[in-house]
Structures are given as C-alpha cells and as structure tokens.
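# A closer look at the structure
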Amino acid sequence: MTIPVLQVTGFKESGKTTLLKRWTALGKANGWRVGVLKHHGHQSVPLQPEGVDSLELKKAGAVVSGVEGAGVFQFLADMEAPDLSTLLNIYQQLPLDVILIEGYKKAPHPKVLLLRSTDDKASLEDLDNIQTAFGPGEEVNHFQDTDKADAWFEQYMRSKL
C-alpha cells in the first residue's frame, strides 16, 4: 500500500513549518502515524548533532550511519543530491499512515499553498496538483483561521486513508 503524501509549499516565512507542526500534532491526535520530510533549501548541510557516535562513524567514512535506542531510529546518509522520489521510497518502508512534505514546490504530489500575500499566488500559479491555498485574499482560505485549516486537513486525510 502506498502511503498518502501531502506537500505544504510556499515562499520563505509563509508559515509552512508552523502549519506542519499543527497538522503533525493533529494527525497524532487522530491516531495517524505521521512522517515529515523537510526540504532544506539553503544550499548547506542540515545541522547534525556533534559528538554523537553515528556522526563520528559517518565522519570516519560511513556513507550511512544509524542509531536505534528506546524505539527511536536516527539515520544519517551521504547521498548525491537525492531526489524526492528516492527519499519517499525510504519513508514508504516505515510504519506510517501519512507523509507530510515541506517544500519541493515542483514535485507532482498533492499540495497546499501558503501565501504571504496575493502576489505570491501569481508566482506559484504554474504549480500542479494544488488542493487548496491558505493566505490573504478572497480567492483563498484564510490561514489565520486555524480551525478551518485543521478541518480541511482532517477531511482531506480521511478521504485518503
């Protein structure tokens, strides 16, 4: 079975992480096992915890290093600019009910747009598979109305699960 995927996209400071935190907690409250994948679009390596064995093993030459304890698995891997489909294949192996993605605007998955202003909408109109948008303006839902955003997410996910 393929795990449903929903992307949250928008420009910097549009509220993507804030919304994903809300929806991750909401998913958990509904009993859904939520996986989240964030695109680190800053052209730098994401922060990694210093001094931990898995990082030390990676520094020693391991291409992949993982550590598991008390039911938590952490995974570090050097990958030559992995595409989203490669990363989703990894996530598809995990016991998840839904995968939420932050970023990857051009990917083909169902997406929610977060708009900082009505100008953002024109810049993002070329994206496909848009399910809804939250932000200012009459043509979109109002992200400030978190109850409405949450209700949309719950209804959307129930139709996919």
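What you see as residue numbers is a count from 1 along each chain, following the sequence as written. Where totals are concerned, whole chains, interfaces and linings use all residues; where local detail is concerned, this predicted model gives features only for residues with pLDDT of at least 70, and gives and counts side-chain atom pairs only at 80 or more. With hydrogens and water stripped out, all remaining heavy atoms of the structure feed into the side-chain values.

### Brief notes about the overall build of the protein
In terms of helices and strands, the protein carries five helices and seven strands. Where helices and strands are cited, they refer to DSSP runs of H or I of at least four residues and of E of at least two residues respectively, numbered from the N terminus. If you list the helices and strands of the protein from N to C, you get β-α-β-α-β-β-α-β-β-α-β-α. Burial classification: accessible surface area is computed with a 1.4 Å probe over protein chains only, and a residue below 20% of its type maximum counts as buried, one above 50% as exposed, and the rest as partly exposed. Looking at the protein as a whole, 39% of its 161 residues are labelled buried. Residue contacts are defined here by distance: any two heavy atoms, one from each residue, within 4.5 Å place the two residues in contact. Looking at the protein alone, contacts between residues at least 24 apart form 55% of all its contacts between residues at least 6 apart. Put simply, the protein shows about 9,800 Å² of open surface, and 53% of that area lies on carbon and sulfur atoms. For accessible areas, the Shrake-Rupley method is used with a probe of radius 1.4 Å. Any residue's cover is judged against the shown protein chains and nothing else.

### Observations concerning the packing of helix α1 (residues 16-29) against helix α5 (residues 146-160)
As a packed pair, α1 and α5 sit with axes 11 Å apart at the nearest point and diverge in direction by 55 degrees. Of the possible angle classes, the one that applies to α1 and α5 is oblique. α1 and α5 meet at a crossing whose hand is right-handed. Residue-level inspection shows L19, R22, W23, L26 and G27 of α1 in contact with α5, the latter providing T146, A149, D150, W152, F153 and E154. Throughout, an axis means a line fitted to C-alpha atoms (over the contacting stretch in the case of helices), and angles, computed between N-to-C directions, take values from 0 to 180 degrees. An angle below 35 degrees is treated as roughly parallel, one above 145 as roughly antiparallel, one from 65 to 115 as roughly perpendicular, and anything else as oblique. Definitions for this section: a left-handed crossing has its near helix turned counterclockwise from the far helix by less than a right angle. A right-handed crossing has that turn clockwise.

### Quick word on the packing of aromatic side chains
Two aromatic rings, drawn from Phe, Tyr or Trp (for Trp, its six-membered ring), form a pair once their centres lie within 6.5 Å of each other, and the interplanar angle then sorts them: stacked below 30 degrees, edge-to-face above 60, tilted otherwise. For the coordinates displayed, the defined rule picks out six aromatic pairs. A ring pair is formed by W23 and F153, whose centres lie 4.6 Å apart and whose planes are at 10 degrees; its orientation type is stacked. Within this pair, whereas W23 is found in helix α1, its partner F153 is found in helix α5, the two being separated by 130 residues in sequence. Overall, the relative accessible area of 0% leaves F153 in the buried class. With a centroid separation of 6.3 Å and an interplanar angle of 80 degrees, the aromatic rings of F134 and W152 are classed as edge-to-face. Of this pair, F134 sits in strand β7 (residues 130-134) while W152 sits in helix α5, and the two are 18 residues apart along the sequence. Judged by its relative accessible area of 1%, F134 falls in the buried class. The exposure class of W152 is buried, given its relative accessible area of 18%.

### Regarding the environment of T132
Mapped onto the elements of the fold, T132 is located in strand β7. Once the C-alpha coordinates of T132 and K111 are considered, the two residues, 21 residues apart in sequence, prove to be 7.3 Å apart.

### Details of the side chain of K16
Looking at where K16 falls in the secondary structure, it is placed in helix α1. Despite its burial, K16 pairs with no opposite charge; the closest candidate is E102, at 4.6 Å N-O. Looking at K16, its side chain comes within polar contact range of the main-chain oxygen of F11, at 3.0 Å. Once you skip the residues sitting within four places of it in the chain, K16 turns out to touch V8, T9, G10, F11, E102 and L114. Under the convention used here, Asp and Glu are negative, Lys and Arg are positive, and both His and the chain ends fall outside the count. Throughout this description, the term salt bridge denotes a Lys or Arg side-chain nitrogen within 4 Å of a carboxyl oxygen of Asp or Glu. Definition of a polar contact: a pair of N or O atoms within 3.5 Å, with one able to donate and the other able to accept a hydrogen when the atoms are protein atoms, and with sequence-neighbouring residues admitted only if both atoms are side-chain atoms.

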